[in-house]
Amino acid sequence: MISHAPDPALLAKAETLAEALPYLQRYAGATFVVKYGGHAMGDADAAEDFAEDVVLLKAVGINPIVVHGGGPQIGAALKAQGIESRFVNGLRVTDAATMKVAEMVLSGAINKEIVSWIAAEGGRAVGISGKDGRLVTATKVVSDVDLGFVGEPDDIDTRILDTISKAGMIPVVAPIGVGADGQTYNINADTMAGALAIATGAERLFLLTDVAGVLDKNRNLISDLTPQDIAALQQDGTISGGMIPKLETCVHAVEGGVDAAVILDGRVPHAMLIEIFTKQGAGTLVRLD
C-alpha cells in the first residue's frame, strides 16, 4: 500500500478553514456594516478582493451592508466641470451645483460600479442611497461656517435594508440623505456607516480606508483600543488629522451598541477576512472595556 503525504499547501488551506470555524459559527446571521472608501477604491485588484470578501460573507450566512465614499471621484468630477472644491474641517462645502455633482457621482457612477463588482464575483447586490425608502432622514450640519447641503443622519428606517438582505442580496448604500422638507444632503460616508451600524444592530463596523490603522508614535500598528485609550492618544497628539473623525465614528458606534468597530487598510488583499476569521486579526479594533 502506497501512502502519500498531503500537499503542504493544501494542508495549510485546510488548517485556515478549520481556524475560521468558530468565527463562522459565532457570526452566522450577524450584520456587518462595511464602509469602503479612500484611494483604495481606485485600485482594480483591491476592488476585486473587496467584492470577493463581501460575497463570501453573504455566502457563509453573514449579512453585509456596504456604505461607500467617493471624495476623490467627486473632486475629479467637480474639477472637470470647473467647480472649485472647498473644505472646512475635512468636510466639503456643498452648494447646489456641488450637491448635484456629488449625488450623480455617488448614487450613480460609484454605487453601480460596486454593484457590478459584486455581481462579477457571483453575488447579488442592490444599489441605493439614503433617499431610497427614506432610509436616512438627514438634518443640516451646523457649524461656525455654513457648509451648504452637508447633512448628518437624524432618523434611520432600516426596512429597505432588511428587505434586501432577507432576499439574499447585499445592500450597497451611497451616503446621500433627504431632509424632512425633501432637501438632498451629502453625508460623510464614515458617519453614515456608523449610524447604519447602530440602527441595524450590527455586530461589526468596518472602516476600510487607505491607511494601516491607528499607529503609535513609533509608527507601529495599535491592534486594540478603548474609547478611553483614544481620548488619551488624541490628547498627547499620537492621533490627529483625518484619523480623529474616523475614531469618533468608531466610539459612537460601540457606545451605540455595536460590538466592535475596526479600521482596516483596504489596499491589503482580503484584510477583512483576515480580521474576521483569524486569531491575529488586522487593523485597529475599537470596543468598550
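Right above here is the structure, for reference.
Here is a short report on the structure shown in this document. The model shown is predicted, which means the values in this text are computed figures rather than measured ones. (Residues numbered from 1 in each chain as written. Predicted model: local features only at pLDDT ≥ 70, side-chain atom pairs only at ≥ 80, totals over all residues. Heavy atoms only, no water.)

1. Here's the deal with the nonpolar core
Soluble globular proteins: nonpolar side chains tend toward being buried together. By size, the foremost hydrophobic cluster in this structure holds 44 residues, and its most contacted members are F50, I114, I118, F206 and M272. Looking at this core, the element that brings in the most residues is helix α4 (residues 96-120), giving ten residues. What M272 contacts, discounting residues up to four positions off in sequence, is V34, F50, D53, V54, L57, F206, L208 and L264. Ranked by size, the runner-up nonpolar core spans 36 residues in total, among them V136, L161, M243 and I263. (Core = buried A, V, L, I, M, F, W, Y, C linked by side-chain atoms within 4.5 Å. Buried < 20%, exposed > 50% of the residue type's maximum accessible area, 1.4 Å probe, protein only. Helix = DSSP H or I, 4+ residues; strand = E, 2+ residues; numbered from the N terminus. Contact = heavy atoms within 4.5 Å.)

2. Notes on the pattern of salt bridges
Per the counting criterion, the structure on display carries ten salt bridges. Between K35 and D190 there is a salt bridge whose closest N-O contact spans 3.2 Å. In this pair, K35 sits in strand β1 (residues 31-36) while D190 sits in helix α6 (residues 189-199), placing the two residues 155 residues apart along the sequence. The exposure class assigned to D190 is buried, which follows from its relative accessible area of 7%. The salt bridge partner of K246 is D190, with a shortest N-O separation of 2.8 Å. Within this pair, whereas K246 is found in helix α8 (residues 243-255), its partner D190 is found in helix α6, the two being separated by 56 residues in sequence. By relative accessible area, K246 is classed as buried at 13%. (Salt bridge = Lys/Arg side-chain N within 4 Å of Asp/Glu carboxyl O.)

3. Overview of empty space enclosed by the protein
For the coordinates displayed, the defined rule picks out one cavity of 30 Å³ or more. Roughly 70 Å³ of internal volume is contained in the largest cavity. Lining of the largest cavity is provided by A46, D49, F50, D53, L208, G266, V268, P269, H270, A271 and M272. When contributions to the lining of the largest cavity are tallied by element, the ones reaching two or more residues are α2 (44-59) and α9 (271-277). Of all the elements, α2 adds the most residues to the lining of the largest cavity, at four residues. Considered class by class, the residues forming the lining of the largest cavity number seven nonpolar, two polar and two charged. (1 Å grid on protein atoms, 1.4 Å probe; cavity = no way out; pocket = protein on both sides within 12 Å on 5 of 7 lines; lining within 4 Å. Points joined across faces, edges and corners; volume = space filled by probe spheres on them. Nonpolar A, V, L, I, M, F, W, Y, C, P; charged D, E, K, R; others polar.)

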